[in-house]
Amino acid sequence: MHPFATYVLRSYYRATGWNEDNLYSNFTRSSNAVLDFAVPRGLHFSISKSPNTLFQTTYSMNALPALNGSVGYIFTSCDLDIKSSKNVRFKDLVDRFKVYDQPRRPIPKDEEFLAGERVDARDYLIYGRLYVPAGRLDALYSTRLSSTLQALVAAISDPRADRKQSQSIHTASSPSNIMLSLQHDTGRWCTEYTYSAEDSMVGVRMLHNFGKLAAPSGSAEESERSGGGMKMKRIDEEDAMEGGLKGRFSAGAEIYFSAKERSAGVSTGIRFTTLPDATPPSSSLQPSSPLESTAHSSAPSSFSSSSYPVLQPPTTITALFNPMMGHISGAYTAQVSRDLSLSSRFDFNIYSYDSEWTMGAEWWLRPSRAKPDSDGAGNETASASASAWSSVEAPTSPYGVTGVVKARASTSNDIALLWEGRLKNVLVGLGVASNLSSGAKPIKSFGLELSYFSSG
């Protein structure tokens, strides 16, 4: 489950029109959500408050295995629509598999003038968190330099760890660090330049998207008004019977060099995602009432699978290669039904011949519906067949998702199980991770996470 600060940061990116999914650092996000989910450790509490649209506070406490906590503050230059834990869309709070929207060129901010002078300022976000009693301080500053440029400054200060390192004979890296990042996104190309002060490391990441870009506006209302970009089908037109998956390709690479360690690294990857997108613009439209959501699900929709030329499951295939380390990784993830996604990944090292196969599943939980009467049975069946992979639901709809169950297993005997859901106004996460090859300690971690936040 996302921390409250991550939820605010992604809300800020959406409000400013920045596409964080078009980065090489997020190249395998779809498969990582199913195969690399984090399991809570111990007992964790989190309470957050958004008193207005510009300022947010968050407090957290770990009761087990050690007692510690933190306090954080977030300030943004633009208004954010921060929901409460009671009515927020649950899928916005968890990492999940989805085929992300087509890349598009960021839209420049509207210019504002006062007395003939331009008065609009660039957007920014400031975040800080202090951990007690450790005294560690985390900070983040993000700002938009232009419509296609974004700069980030992240810093970590841990005086206690620095003192322990100075007294130790081992030359371990210091946790205190400052990192600079400059991101340039044009839609088709996205480049990221990074610098880490602790190890004097510089890096460049590049991502290129093949095929056509999405419309520059990208608004859900305009996409719905234009029929989602799909051509209307004639009555006498037959569906094309073609095999294989239709989609788009993306390719990326990164190279980095550390002056302190005098070492370098490089990696490259390619990704295939299906078209049309698994999350059409209609998924962002939230019905104002449960009755409207029920009517929408039983009525024909312009974004249902019947309007697509070929019905295909949302799928993402990625392949990564690090020639210096000899590491090869390939992942295949698909949404096989509305509520079930499956993923598989194979890792292999060409130098040591070590390999690992990881499998994972993601299952969305929904409340059971009442049995339809004789008049609505036909509409229920038609709706289920017409929108096999539809994910449209209102945040407070009785038919919306109530939780998610994730599971993974690998050939290295690692098994993990996680349940995340909402109990009244509180978000709950419960998980366990084990290593069956360890007879002395088969349970690696077990934890419970409780989170509550409100707005206004």
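Starting from 1, residues in each chain are numbered consecutively following that chain's sequence as written. Residue-level local features of this predicted model are given only where pLDDT is at least 70; pairs of side-chain atoms are given and counted only at 80 or more, and the full residue set underlies all totals for whole chains, interfaces and linings. Derived side-chain values reflect all non-hydrogen atoms in the structure, with water molecules and hydrogen atoms excluded from consideration.

## Some remarks on the overall build of the protein
No. 1: Secondary structure elements are taken from DSSP: a helix is a run of H or I of four residues or more, a strand is a run of E of two residues or more, and numbering for both begins at the N terminus. Counting its secondary structure elements, the protein contains six helices and 21 strands.
No. 2: To be clear on the numbers: accessible area is Shrake-Rupley with a 1.4 Å probe, and residue cover counts the displayed protein chains and nothing else. Accessible area of the protein: about 24,600 Å², with a carbon and sulfur share of 60%.

## Quick notes on the pairing of strand E12 (residues 247–258)
Residues in a regular strand project their side chains so that they alternate between the two faces of the sheet.
No. 1: In this analysis, strands are considered paired if DSSP registers two or more bridges between them. Two elements, strand E11 (residues 201–209) and E12, share nine bridges in a ladder whose sense is antiparallel. If you follow histidine 208 over to E12, its bridge partner there is alanine 251.
No. 2: Pairing between E12 and strand E13 (residues 263–274): 12 bridges, direction antiparallel. From the neighbouring strand, phenylalanine 249 faces E13, where its bridge partner is phenylalanine 272.
No. 3: The antiparallel hairpin formed by E12 and E13 contains four residues in its connecting segment, where arginine 262 sits at a positive phi of about 55°.

## Considerations on the pattern of salt bridges
No. 1: Every case where a carboxyl oxygen of Asp or Glu lies within 4 Å of a side-chain nitrogen of Lys or Arg is listed as a salt bridge. Per the counting criterion, the structure on display carries 16 salt bridges.
No. 2: With its nearest N and O atoms 3.8 Å apart, the salt bridge here joins glutamate 362 to lysine 406. One end of the pair, glutamate 362, is in strand E17 (residues 355–365); the other, lysine 406, is in strand E18 (residues 403–410), with 44 residues separating them in the sequence. Pair check on accessibility: glutamate 362 and lysine 406 agree, each one buried.
No. 3: Each of the salt bridges in this network shares a partner with another, and the network as a whole consists of Arg10, Glu20, Asp21, Arg29 and Asp95. Type-normalised accessible area, obtained with a 1.4 Å probe on protein chains alone, sets the label of each residue: buried when under 20%, exposed when over 50%, and partly exposed for intermediate values.

## Details of the environment of tryptophan 363
No. 1: Position of tryptophan 363 relative to the elements: it lies in strand E17.
No. 2: Expressed as a C-alpha distance, the spacing of tryptophan 363 and valine 404, which sit 41 residues apart in the sequence, is 5.6 Å.

## Considerations on a nonpolar patch on the surface
No. 1: To count toward a patch, a residue needs a relative accessible area above 30% and no salt bridge. Like charges then connect within 9 Å, nonpolar side chains (Val, Leu, Ile, Met, Phe, Trp, Tyr) within 5 Å. On the surface, Phe75, Ile126, Tyr141, Val153, Ile178, Leu180, Tyr195, Val202 and Phe257 cluster together to form a nonpolar patch covering roughly 710 Å² of accessible area.
No. 2: Relative to the elements of secondary structure, isoleucine 126 occurs in strand E6 (residues 124–132).
No. 3: Here isoleucine 126 falls in the partly exposed class, since its relative accessible area comes to 40%.

## Side note on unusual backbone geometry
Backbone phi values are negative for most residues with the exception of glycine, while trans is the configuration of most peptide bonds.
No. 1: Looking along the chain, the bond that leaves leucine 64 and enters proline 65 is cis, with omega of 0°.
No. 2: Checked against the element boundaries, proline 65 lands in the loop between strand E2 (55–64) and strand E3 (68–76).
No. 3: Residues valine 132 and proline 133 are joined by a peptide bond in cis, for which omega reads 5°.
No. 4: Mapped onto the elements, proline 133 comes out in the loop between E6 and strand E7 (137–144).

## Details of helix H1 (residues 4–16)
No. 1: Here a helix's expected span is defined as the number of its residues, less one, multiplied by 1.5 Å. An ideal rise of 1.5 Å per residue puts 18 Å on 13 residues; H1 measures up with 18 Å between its terminal C-alpha atoms.
No. 2: Immediately beyond the C-terminal end of H1, within one or two residues, lies glycine 17, with a positive phi of roughly 75°.

## Some words on the side chain of serine 142
No. 1: Mapped onto the elements of the fold, serine 142 is located in strand E7.
No. 2: Those residues in contact with serine 142 that lie beyond four places of it in its chain are Tyr12, Tyr13, Asp123, Tyr124, Leu125, Gln150, Ala151 and Leu152. By the convention used here, residues are in contact when the closest approach between their heavy atoms is within 4.5 Å.

## Structural notes on the nonpolar core
No. 1: What makes a nonpolar core is a set of buried Ala, Val, Leu, Ile, Met, Phe, Trp, Tyr and Cys residues whose side-chain atoms join them at distances within 4.5 Å. With 26 residues, the main nonpolar core has Tyr7, Tyr12, Phe90, Leu125 and Phe453 as its most contacted residues.
No. 2: The leading source of residues in this core is H1, at seven residues.
No. 3: Beyond its immediate stretch of four places on either side in the chain, phenylalanine 453 contacts Phe4, Tyr7, Ser48, Lys83, Ser84, Ser85, Val88, Leu93 and Leu427.

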